[in-house]
Amino acid sequence: QVRLVESGGGSVQAGGSLRLSCAGSGHPFTGQKMGWFRQYPGKEREFVAVIYWGDGSTNYGESVKGRFTSSRDTEQNTGYLQMNNLRPEDTAVYYCLAQKHYSRGYYYETTGYDLWGQGIQVTVSS
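Quick look at the structure, then.

So, the state of the cysteines
Each disulfide consists of one covalent bond between the sulfur atoms belonging to two cysteines. Scanning the entire structure with this criterion turns up one disulfide. Two residues share a disulfide in this structure: Cys 22 and Cys 96, whose sulfurs sit 2.0 Å from each other. The sign of the S-S torsion, about 65°, decides the handedness of the disulfide formed by Cys 22 and Cys 96: right-handed. Of this pair, Cys 22 sits in strand β3 (residues 18–25) while Cys 96 sits in strand β9 (residues 92–99), placing them 74 residues apart in sequence. By relative accessible area, Cys 22 is classed as buried at 0%.

As for the sheet that holds strand β8 (residues 78–83)
With antiparallel pairing, the four strands of this open sheet are ordered in space as β1-β3-β8-β7. Lying at the two open borders of the sheet, with one neighbouring strand each, are β1 (3–7) and β7 (68–73). The sheet shows a mean angle of 20° between the axes of neighbouring strands, direction not considered. One ladder, built from six bridges, connects β3 with β8; its direction is antiparallel.

Observations regarding the pairing of strand β4 (residues 33–39)
Among the seven residues of β4, six are classified as buried, and the element is accordingly described as predominantly covered. The sheet contact formed by β4 and strand β5 (residues 46–52) spans six bridges and is antiparallel. The residue bridging Phe 37 from the neighbouring strand is Phe 47, located in β5. Remark: six residues form the turn of the hairpin made by β4 and β5, two consecutive strands paired antiparallel; Gly 42 in that turn has positive phi of roughly 75°. Taken together, the seven bridges between β4 and β9 define a ladder with antiparallel strand orientation. When the sheet's bridge partners are listed, Gly 35 is paired in β9 with Leu 97.

Cut-offs applied
Here, residues in each chain are numbered from 1, in the same order as that chain's written sequence. Local features in a predicted model are, by the rule used here, given only for residues with pLDDT of at least 70; side-chain atom pairs are given and counted only at 80 or more, and totals for whole chains, interfaces and linings are based on all residues. Each side-chain value is derived from all of the structure's non-hydrogen atoms; neither hydrogens nor water enter the calculation. Disulfides are defined in this document as cysteine sulfur pairs within 2.5 Å. Per the convention used, a helix needs a DSSP run of H or I reaching at least four residues, while a strand needs a run of E reaching at least two, with both numbered from the N terminus. Summary of the burial criterion: residues with accessible area below 20% of their type's maximum are buried, those above 50% are exposed, and those between are partly exposed, where the area comes from a 1.4 Å probe applied to protein chains only. Being paired, for any two strands, means DSSP has found at least two bridges between them. All axes are obtained by fitting lines to C-alpha atoms, using only the stretch in contact for helices, and the reported angles, taken between N-to-C directions, cover 0 to 180 degrees.

Interpretation note: all reported values are geometric properties and have no functional meaning in isolation.
See the structure below:
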């Protein structure tokens, strides 16, 4: 089983940028996709981005289109989320997820994945 380890979170002023990394460890990642979700306190997790591992195709949540870019390095078993033009409303805990085996859910649902990263705090100040 692949463990997902996140890094790269932190604090930034509005308009700034951060880059999150999600590294697979234990076994080489051969899953179908890696997704990014974020969670506000007391709220449901919100879809941010997904990248399909085979061809690198992506989809994004409406609120981050044009600002966030998902990518991956298959040799390093690592996915990245480049976050530009950050806004205070982007403040949340960000999770990477991966579909390693079967999943019934859509790419924009947490049920579409079966592995989780530990979560990283991103704080955007105004």
